[in-house]
Amino acid sequence: MSLAERHELRPGMPPPYPSPQAGEGKEGNPPALAAERKDGAREGAATAAPGGAALSARTRILIEAPIAATLIRLAAPNVLVMVAQASVGLIETYFVGRLGTDALAGVSLVFPAVMLMQMMSAGAMGGGISSSIARALGAGRRADADALVLHAMVIAVAFGLIFTVALLGGGRWLYGVMGGSGAALDAALTYSNVVFCGAVLLWIYNSLANVIRGTGNMAVPAIVTCAGVAVLIPLSPCLILGWGPFPALGIAGGAFAVVAFYFVGSVALAGYLWSGRSVVRVRFKGAAFRWPLFYDILKVGVVAALITVQTNLTIAIATGLVGRFGPAAIAGYGTGSRLEYLLIPLVFGLGGPLVAVVGTNIGAGRRERAVRAAWIGAAIAAGLCELIGLSAALFPLAWLTLFDTDPVMLDAGTRYLHVVGPVYGVFGLGMGLYFASQGAGRLKWPWIANMGRLVVAAGGGWLALRFGGDLSDVFLALAVALGAFGIVNAAAIAGGAWFTDKPRP
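A. Region of interest: the overall build of the chain. Each helix and strand in the chain was counted, giving 18 helices and 2 strands. Out of the 505 residues in the chain, the part that is buried amounts to 56%. Of the contacts formed within the chain by residues at least 6 apart in sequence, a portion of 80% connects residues at least 24 apart. For the chain, the exposed area adds up to about 20100 Å²; of that, 72% sits on carbon and sulfur atoms.

Structure, rendered in structure tokens:
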């Protein structure tokens with residue numbers, strides 16, 4: 001393994017070339033690869049750095065531009081993507097509902113599995129891809145950054161096939177355990193089989209998007225996504241209900257529309273990378289797969305995927321604890337916690353740029369700037385989440401009555417928002433630092449923090465019920481768990497965990 005590769009596997013180690021300290025106004029950079037000097041026509045012509053390295057203009061922005069302004073500017077397209085994707089789900093649900101209750105129940109049964117795949121491919125493994133690309137570019141290792149594209153595609157295909165095999169083979173069992181039966185189960189299987197036959201396309205789409213985001217380019221994935229959504233929104237009802245030349249495929253029509261979106265989007269993103277306009281590009285000539293590059297993605301992506309599973313398990317356990325108080329309490333908790341779910345894509349909008357900025361600066365050896373970017377990004381996330389949480393705590397009925405007016409449901413939802421809403425800011429802080437840790441390639445402490453959240457929520461809620469506590473006591477345990485997640489992440493990074501953890505040999 002080369003010295004540069006060994007350094008990249010240890011993001012906390014000093015770069016293998018002379019580098020001034022961050023803040024001195026100059027960047028230390030590795031010697032340029034001869035092949036890279038021909039790539040000045042790429043996105044933002046490459047600029048020679050001290051020592052002769054070729055860093056693109058886009059990469060230099062991540063290293064040199066004001067942090068807060070850069071994060072906000074890059075976050076805007078990402079937030080737009082989150083809004084567009086959320087609108088697709090809502091519109092599809094509306095038209096599936098026209099087919100009847102069984103069809104709507106079927107889609108609802110499949111939704112958690114689709115969301116798990118989406119979160120893993122876009123936020124977890126996708127974060128690992130963005131992080132590895134950003135750190136390679138920051139270190140001036142353009143050849144490795146190019147090679148990482150093919151490595152990312154291999155990982156995407158492998159995980160996509162795993163989801164396909166698992167859900168085609170075990171879908172009936174899974175949806176049955178979740179309560180599906182009769183016509184609802186049949187509808188779930190119809191929708192699921194189509195979607196998960198195209199699972200590889202979803203993984204490829206999100207992986208390519210995160211390759212591009214890792215270069216600091218949030219606009220291209222946003223443009224492709226929004227253009228696709230503009231076509232998907234009318235296409236979905238046409239295929240579900242039938243219109244003009246389109247056949248009425250029922251619930252399968254919605255699934256076919258989703259698969260078509262990811263196919264066309266993958267082609268568009270791949271075309272952009274092949275065009276030579278991106279900072280990185282796909283190279284087949286002389287390509288050779290190397291375990292260090294696979295590891296560089298997987299060391300972040302696999303841990304992030306485990307964190308995603310932990311998060312969903314925490315919510316499932318919390319739902320079970322609340323269920324002791326009846327279905328109306330579940331409805332109240334579920335409605336209130338929807339707001340918590342909305343915070344995750346909101347913070348992800350900021351998290352994508354944060355991964356790129358932190359990763360690029362870690363790769364360039366600018367530790368202080370990387371840590372400063374982490375705190376600035378986390379502070380913005382915390383402020384936004386706290387504003388939402390306090391508003392919900394002060395005016396809970398403004399949110400809850402959008403979904404139902406049952407008094408017991410409103411009481412449960414109000415209790416949840418009163419107790420948990422004020423802690424949303426700390427949760428946002430933790431989520432921001434989680435994305436920053438993806439950029440740094442160090443996820444041990446976010447994993448520990450999320451495990452702590454799971455233990456506190458499950459253990460605290462169980463103890464509350466064991467000793468005669470009421471619903472508010474269960475929600476108090478959930479609030480403490482969210483707070484623990486944010487505090488542990490903050491304490492770890494403040495203590496220098498990114499640079500003091502013993503690297504893997």
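B. Spotlight on the nonpolar core. Ranked by size, the top nonpolar core spans 143 residues in total, and within it Tyr175, Phe196, Val358, Tyr424 and Trp498 carry the most contacts. With residues up to four places along the chain from it excluded, the contact list for Phe196 reads Val110, Ala113, Val114, Met117, Phe163, Thr164, Leu167 and Tyr175.

C. Helix α16 (residues 444-466), seen in detail. With 23 residues, α16 extends 32 Å from end C-alpha to end C-alpha; this agrees with the ideal 33 Å at 1.5 Å per step. Looking only at α16, the buried set comprises Pro446, Ala449, Asn450, Arg453, Leu454, Ala457, Gly461, Ala464 and Leu465. On its buried face, α16 sits against α10 (291-322), α11 (327-363), α15 (424-440) and α17 (471-494). Looking one or two residues beyond α16, the residue adopting positive phi is Gly468, at roughly 80°.

D. Structural view of the packing of aromatic side chains. Per the stated rule, a full pass over the model turns up 14 aromatic pairs. Ring geometry for Trp498 and Phe499: centres 6.3 Å apart, planes at 85°, overall edge-to-face. Trp498 gets classed as buried once you look at its relative accessible area, which sits at 4%. Linked through ring pairs, Phe159, Phe163 and Trp203 together constitute an aromatic cluster. The ring of Phe467 is capped by Arg466, whose NZ or CZ atom sits 5.8 Å from the centre of that ring.

E. View of the pattern of salt bridges. Enumeration over the complete set of coordinates arrives at 7 salt bridges. For the salt bridge of Arg60 with Glu64, the shortest nitrogen-to-oxygen distance reads 2.7 Å. Of the two residues, Arg60 and Glu64 both sit in helix α2 (residues 57-64), 4 residues apart, roughly one turn of that helix. Classification of Arg60 by relative accessible area gives buried; the value is 12%. Across the pair Arg290 and Asp144 runs a salt bridge, and its minimum N-O distance is 2.9 Å. Remark: Asp144 occurs in helix α5 (residues 142-177) and Arg290 occurs in the loop between α9 (251-274) and α10; sequence separation between them is 146 residues. The exposure class assigned to Arg290 is partly exposed, which follows from its relative accessible area of 27%.

Conventions and cut-offs
Residues numbered from 1 in each chain as written. Predicted model: local features only at pLDDT ≥ 70, side-chain atom pairs only at ≥ 80, totals over all residues. Heavy atoms only, no water. Helix = DSSP H or I, 4+ residues; strand = E, 2+ residues; numbered from the N terminus. Buried < 20%, exposed > 50% of the residue type's maximum accessible area, 1.4 Å probe, protein only. Contact = heavy atoms within 4.5 Å. Areas by Shrake-Rupley, 256 points an atom, 1.4 Å probe, with all protein chains shown as cover. Core = buried A, V, L, I, M, F, W, Y, C linked by side-chain atoms within 4.5 Å. Expected span 1.5 Å × (residues − 1). Phe/Tyr/Trp six-rings, centres within 6.5 Å; stacked < 30°, edge-to-face > 60°. Lys NZ or Arg CZ within 6 Å of the ring centre and 35° of its normal. Salt bridge = Lys/Arg side-chain N within 4 Å of Asp/Glu carboxyl O.

Read these as layout, nothing more, since geometry by itself doesn't imply function.
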